[in-house]
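The residues making up each chain are set out below.
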Amino acid sequence: MEQILLKGLDGDRTWHLADYVKRDGYAALRKIFSEKMTPEQVIDQVKKSALRGRGGAGFPTGLKWSFMPKNYDGDKYLVCNTDEGEPGTFKDRDIMRFNPHQLIEGMIIAAYAMGIKVGYNYIHGEIWETYTRAEEALEEARAAGFLGENILGSGFSFQLHNHLGYGAYICGEETALLESIEGKKGQPRFKPPFPASFGLYGKPTTINNTETFASVPWIILHGGEKYLELGRPNNGGTKLFSVSGHVNRPGNYEVPLGTPFAKLLEMAGGMRGGKLKACIPGGSSMPVLPGEIMMDLDMDYDSIAKAGSYLGSGAVIIMNDTVCMVKALQRLSYFYFEESCGQCTPCREGTGWLYRVVDRIENGHGKNEDLDLLLGMTDNIQGRTICALGDAAAMPVRSFVKHFRDEFQYHIDHKKCLVPSYA
Amino acid sequence: MLEIEIDGKTVSVPTGGTVMDAAALAGIYVPHFCYHRKLSIAANCRMCLVEVEKAPKPLPACATPAANGMKVKTHSELAVLAQKSVMEFLLINHPLDCPICDQGGECQLQDLSVGYGGVESRYAEDKRVVANKNLGALISTDMTRCIHCTRCVRFGQEIAGVMELGMAGRGEHSEIMPFVSRTVDSELSGNMIDLCPVGALTSKPFRYSARNWELSRRKSVSPHCGLGSNLSVQVRNNRVMRVLPFANEAINECWLSDKDRFSYEGLNAPDRLVKPMIKQGGQWREVQWKDALEYVARGLKDIASSSGAGAVGALATPHSTLEELYLLQKLMRALGSDNVDFRLRRSDFRGKTRGAPWLGMKIAQISELDRVLVVGSLLRNDHPLIANRLRQAAKRNLEVNFVNPTSDDFRIKAKNRAVVSPDDMGGMLENILNALSDPSKAAGDAGNIARSLASGKHVAIFLGNLAEQHPDAARLHDLASGIADRLGAKFGFLGEAANSVGGYLAHAVPAGDGLNARQMLENPRRAYLLWNAEVDLDMNDPKAALAAMEQADMVVAFSAYRHKAYEYADVMLPIAPFAETSGTFVNTEGLAQSFSGVVSPQGEARPGWKVLRVLGNLLDMSGFDYENSESIRDEIDLSCASFDNSIEEEPSALVAAPGLQRVGYVPIYFSDAIARRSEALQKTALAAAPCAWMNAALMARLGVREGEPVLVRQGEGEARLNAALDAALADECVRVAAGHPLTANLGPMFGLITVERL
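Each value, and the rule that gives it
Residues numbered from 1 in each chain as written. Chains lettered and ligands numbered in written order. Predicted model: local features only at pLDDT ≥ 70, side-chain atom pairs only at ≥ 80, totals over all residues. Heavy atoms only, no water. Salt bridge = Lys/Arg side-chain N within 4 Å of Asp/Glu carboxyl O. Buried < 20%, exposed > 50% of the residue type's maximum accessible area, 1.4 Å probe, protein only. Helix = DSSP H or I, 4+ residues; strand = E, 2+ residues; numbered from the N terminus. Pairing = 2+ DSSP bridges. Axes fitted to C-alpha atoms, helices over the stretch in contact; angles between N-to-C directions. Phe/Tyr/Trp six-rings, centres within 6.5 Å; stacked < 30°, edge-to-face > 60°. Lys NZ or Arg CZ within 6 Å of the ring centre and 35° of its normal. pLDDT = per-residue confidence, 0-100. Arc of directions from axis to C-beta. Contact = heavy atoms within 4.5 Å. Buried area = accessible area lost by both parts, 1.4 Å probe. Polar contact = N/O pair within 3.5 Å; in protein donor to acceptor, adjacent residues only side chain to side chain. Nonpolar A, V, L, I, M, F, W, Y, C, P; charged D, E, K, R; others polar. Expected span 1.5 Å × (residues − 1).

1. A short note on the pattern of salt bridges
All names here are of chain B.
Then step 1. Applying the stated criterion across every chain yields a total of 71 salt bridges over all chains.
Then step 2. A salt bridge links arginine 145 to aspartate 142, with the nearest nitrogen and oxygen atoms 3.2 Å apart. By the burial criterion, arginine 145 is buried, and aspartate 142 matches it.
Then step 3. For aspartate 472, the salt bridge identified is with arginine 475, shortest N-O distance 3.3 Å.
Then step 4. A relative accessible area of 6% means that aspartate 472 is categorised as buried.
Then step 5. Linked through salt bridges whose partners overlap, the residues forming this network are Asp271, Arg345, Glu496, Glu534, Asp538, Arg676 and Arg677.

2. Description of unusual backbone geometry
All names here are of chain A.
Then step 1. Lysine 191 connects to proline 192 through a cis peptide bond whose omega is 0°.
Then step 2. Position of proline 192 among the secondary structure elements: in the loop between α8 (174–181) and β4 (205–209).
Then step 3. Phi at leucine 152 takes a positive value of approximately 50°, unusual for a residue other than glycine.
Then step 4. Following the sequence through the fold, leucine 152 ends up in the loop between α7 (128–143) and β3 (159–164).
Then step 5. By relative accessible area, leucine 152 is classed as partly exposed at 32%.

3. Thoughts on the sheet that holds strand β12 (residues 239–245) of chain B
Residue and element names in this part refer to chain B.
Then step 1. Strands sit in the order β10-β11-β12 across an open sheet of 3 strands; the sheet is antiparallel. Whereas interior strands pair on both sides, the edge strands pair on one side only; in this sheet they are β10 (216–221) and β12. Neighbour-to-neighbour, the strand axes of the sheet open up by a mean angle of 35°, direction not taken into account.
Then step 2. Note: strand β11 (residues 230–236) against β12, 6 bridges, orientation antiparallel. Of the residues in β12, the one forming a bridge with valine 233 is valine 243.

4. Concerning the packing of aromatic side chains
Then step 1. Tallied over the entire structure, the rule returns 27 aromatic pairs over all chains.
Then step 2. When the ring of tryptophan 128 of chain A is compared with that of tyrosine 131 of chain A, the centres are 5.4 Å apart and the planes differ by 40°; the resulting orientation is tilted. Of the two residues, tryptophan 128 of chain A and tyrosine 131 of chain A both sit in helix α7, 3 residues apart, roughly one turn of that helix.
Then step 3. By relative accessible area, which is 53% here, tryptophan 128 of chain A ends up exposed.
Then step 4. Since its relative accessible area comes to 15%, tyrosine 131 of chain A is described here as buried.
Then step 5. An aromatic cluster is present here, built from Tyr20, Tyr26 and Phe146 of chain A joined pairwise through their rings.
Then step 6. Lying across the ring of tryptophan 15 of chain A, arginine 133 of chain A places its NZ or CZ 3.5 Å from the centre.
Then step 7. The aromatic ring of tyrosine 561 of chain B is capped on one face by arginine 677 of chain B, whose charged end is 3.9 Å from the ring centroid.

5. Section: the confidence of the model for chain B
Then step 1. Of all residues in chain B, 100% attain a pLDDT of 70 or more, and the chain-wide mean is 96.
Then step 2. Predicted complex, confidence summary: ipTM 0.93, pTM 0.94.

6. Structural notes on helix α3 (residues 108–116) of chain B
Residue and element names in this part refer to chain B.
Then step 1. Listing the buried residues of α3 in full gives Gln108, Leu109, Leu112 and Tyr116. Each buried residue of α3 lies within a common arc of 85° when the element is viewed along its axis, so the set occupies one face.
Then step 2. On its buried face, α3 is in contact with α2 (77–92) and α4 (151–160).

7. Quick notes on the sheet that holds β4 of chain A
Residues and elements named next belong to chain A.
Then step 1. Read across the sheet, 4 strands follow the order β3-β2-β1-β4 without closing on themselves; strand pairing throughout is parallel. Whereas interior strands pair on both sides, the edge strands pair on one side only; in this sheet they are β3 and β4. Pairwise comparison of adjacent strand axes, ignoring direction, gives a mean angle of 20° for this sheet.
Then step 2. Two elements, strand β2 (residues 118–123) and β3, share 6 bridges in a ladder whose sense is parallel. Across the sheet, isoleucine 123 pairs through a bridge with leucine 164, a residue of β3.
Then step 3. Together, β1 (77–82), β2 and β4 form the strand contacts of helix α5 (residues 91–98), whose direction differs from that of β1 by roughly 110°.
Then step 4. Along the sheet, helix α6 (residues 100–114) makes contact with β1, β2, β3 and β4, crossing β1 at roughly 150°.

8. Some thoughts on the interface of chain A and chain B
Then step 1. Listed per partner, the contact involves 34 residues of chain A and 35 residues of chain B.
Then step 2. The junction of chain A with chain B conceals about 2,800 Å² of combined surface from both sides, 53% of it contributed by carbon and sulfur atoms.
Then step 3. Ranking the residues of chain A by area buried against chain B places Glu349, Trp353 and Arg384 of chain A at the top, with a combined share of 25%.
Then step 4. Joining chain A to chain B, the criterion identifies 4 salt bridges.
Then step 5. Ionic pairing is found between arginine 170 of chain B and glutamate 339 of chain A, a salt bridge with its closest N-O pair at 3.0 Å.
Then step 6. Here chain A is connected to chain B by 17 residue pairs in polar contact (both at pLDDT 80 or more).
Then step 7. Contributions of two or more residues to the side of chain A that touches chain B are made by α14 (325–339), α15 (345–362) and α16 (370–381) of chain A.
Then step 8. It is α15 of chain A that contributes the most residues to the side of chain A that touches chain B, 10 residues altogether.
Then step 9. Grouping the constituent residues of the side of chain A that touches chain B by class yields 15 nonpolar, 10 polar and 9 charged.

9. Let's talk about α2 of chain B
Then step 1. Here α2 of chain B is 16 residues long and its end C-alpha atoms lie 23 Å apart, about the 22 Å a rise of 1.5 Å per residue gives.
Then step 2. Where burial is concerned, most of α2 of chain B is hidden: 12 out of the 16 residues are buried.
Then step 3. Listed as buried for α2 of chain B are Ala79, Val80, Ala82, Gln83, Ser85, Val86, Met87, Glu88, Phe89, Leu90, Leu91 and Ile92 of chain B.
Then step 4. Lining the buried residues of α2 of chain B we find α15 and α16 of chain A together with β3 (49–52), β5 (71–73) and α3 of chain B.

Next comes the structure, spelled out in structure tokens:
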């Protein structure tokens, strides 16, 4: 099985430049310069690859890059979103820990493709060690002439800086991230305008996820079509899945998009204790799916969407039949309640209300009308907020109640848990 | 222009407009809280969600750009459902304490909850409680009521130019708060009360004193600065309860300065003079109006016949009404005296203008300027809302240049600031004028300012209060107008007071060889008529003024207050302040704004024009038979032909004496009798006791440290003040406030001064 992001990372000190170069590191960049590829040709390859944003929304990367104004006099910025904070997601952290140069190379290529001179990599505040490693990698790249003025004698210049966040989930939202880089409180901006026209410091800006950028060098080196062939039409390439929960070998697994879920589960060592009850296939903000539905699915954007959830960031949370779904939702709802930025009304007021009602049900104080109240509330939050955090808080509630309503009803009727281990 | 259809109506919106703009043009109300036409768009309340054809979800009208062919429904089922859901969220943690909330009856949340709120809440959890904040003497807080619309925050950042409130915390724990242990001290802070759509920020002075539906709203005009802000004075039981802005885009827009808003407290001050009084044998006694006026008439006749009418002088404040000023000078001239003046804080009376000096343009045109030079003005202190116009224009393309003895932060993006001592201001203007002949070569501040001005299309030169009160005011005037002539720029005065222009139109200045305000003190008169004037606080040289009053045989104080005249006057006559009389203020752009009294005069106080009419009659003067104040106004030429800033005779430069120079200025809440008596304003940070401000170099040379008491001497007078650091003050200058009891024993606002350690 072809790997792009994790290939060759079983050695020692793989995060160093020397190791990366041994693994064809910076070959894509050299190829661009030696073959005198134009920015248009680079974007074209990315478009052909059908690479879709790995941060969660799955937006076609090549298309996003083509939104940047071309003949623009002022500054433009490139931003990498390594503010990985979604519960269950831990893939970007490993890219940064073990393969930071692949990200750096991807960003240089992206900067070249869009004519950008300055980039920032916004790193989640709680992974300090990873940040220091990322800083070392930048130093190495600068010293080797991959970053800075006149890169490899090409005449192209690009400065890249790491920016350590403070651990707020909301700063993973791209416009809140921009505010945070600017030194302001991390609060999402309303869109439009989108970052491509009004981004960092009000300048045209492209923001991509770490994994997205890290996939770019391979695409350039091997061609967009090769990448597409790894996956499925409209779902090109491989994807990192962070598998956690009740499996024997939790961890990051890189598989081609379209790999059956059953295969991924098997790679992760199969179920740990009990049988598969439920799975959140794309990080905690995506709708949960019952185990039996999951077992028939393939892991790509379109298949998962057809089943009523989303591939999201690729965080696969596995729950066995000892899990109380009310308790699980209570935990998730608390997360969104805590992480709401408080800027807009439905999310500020709604996330707390959602949590309190779920908490009440979990603690045996639920009322019969609570389930409809919860669903009604999610209707009132979803699609009414400035950013997607409102949706992220609403979707778990909606899907948990939809698929496991009997468990919630049992809690309300019997003031205790339906699941034996919690009773 | 874009064509969009909104609720079936087709409207044209300027490119860049939003759905909210389109709705406003179509006359359709979209419910909202955070949106305000003068503030940036936050889109955080979500109340204005509307249905947009082809959009998968409801969109906020305030933040959605209008597009050609867009079809919007603001009251469709989808839109109303979204609006109602937002209202539900807004109300779950709101205390719903309308019966004890000052905002009740004028609350946007209350009003909209009638249309969009449920009868009963589905929320059964505990409600959030938020600790109140101390924001100072003017704004009262009930933060539990806050709906986080951030209008107050944006107002501070964008309009007042100083961020004194912010939203700290996240999610449910978000709170509007000031910086730690700081208050809101902006001179525009009261507007936050108006902007707050709920009862989170309410007026501290007005709090719990009336419900808004008990108040009658009456239009009036501010008697303070030269702007002439339009007021909605709110009255109950013949008492002014509060003052709110009456929106007028051409003047105050929808704002009021705190001085305009909270000074009304002074109308009900405990020291209001409510009975005519005469001092006999050193004892004050209350008398009937008739007796008092006959006493005054007799006294004036006696002095005029024994010493000539020139022995009588009249001093009026520029906060008096046009009609009062007109009748006062008419009375003086009928008596045979030309000694009348309303320019009490001026010291240089050379440089007579051909007409009434004024702004030289419309106030609203300030917003269209691209270059401006402001000479001698503490903009935020003297002209809070003109400062705001400049602040907003500077965010677009206006380059603002200053020549000032201080470098106060006006929260206006400044292009150049020339900070020079008062003596050097004329020299700086001269340098700018010279630099204009070849701006590319000139160096220094003068060169930079000249280059900035020369590169503009819409340029104006403004003289502020410091420039008018300056001992070499005429030369500053001449040089500034010379700069304006060279550039083909507009030129004018910002205008100190409500009738700084009106006083000229009323001819309340000496016309022939009469004495001006300064000469009347230097050549003491036997009798003075003081119109609203508290000479120890309202005049350029309080010490000389007091001395002149003390030596006079008769001082008649026409005033709304029992002020210091109690010590030196012989007659005190209670006249009505602006709220209790009809009258006219002519603002700095030359706009005559007449107003009616909003309450009847307190006690025996009478409208000033009526008092002067009777006095004129008692003195057997003709032409004093006015039925109403309008008939007085109609005698005065208010046409624009009366305005002219050009100087009749070029003044020569004064020779500066070496030494420490005083930079005098009138602190914002000491400008006039009413503001001085507003209890709330006097508790604000801006009303703090005056200090002797010096820059670090001067403090080091004098060996004084910040906070230490110092003795300030000027001429014969002295004052004990605390030393304070004003890092940006010009060298060898001491900034000492005027118009304040602590400094009333000092001499003129500018001049030589000494500072000693105590």
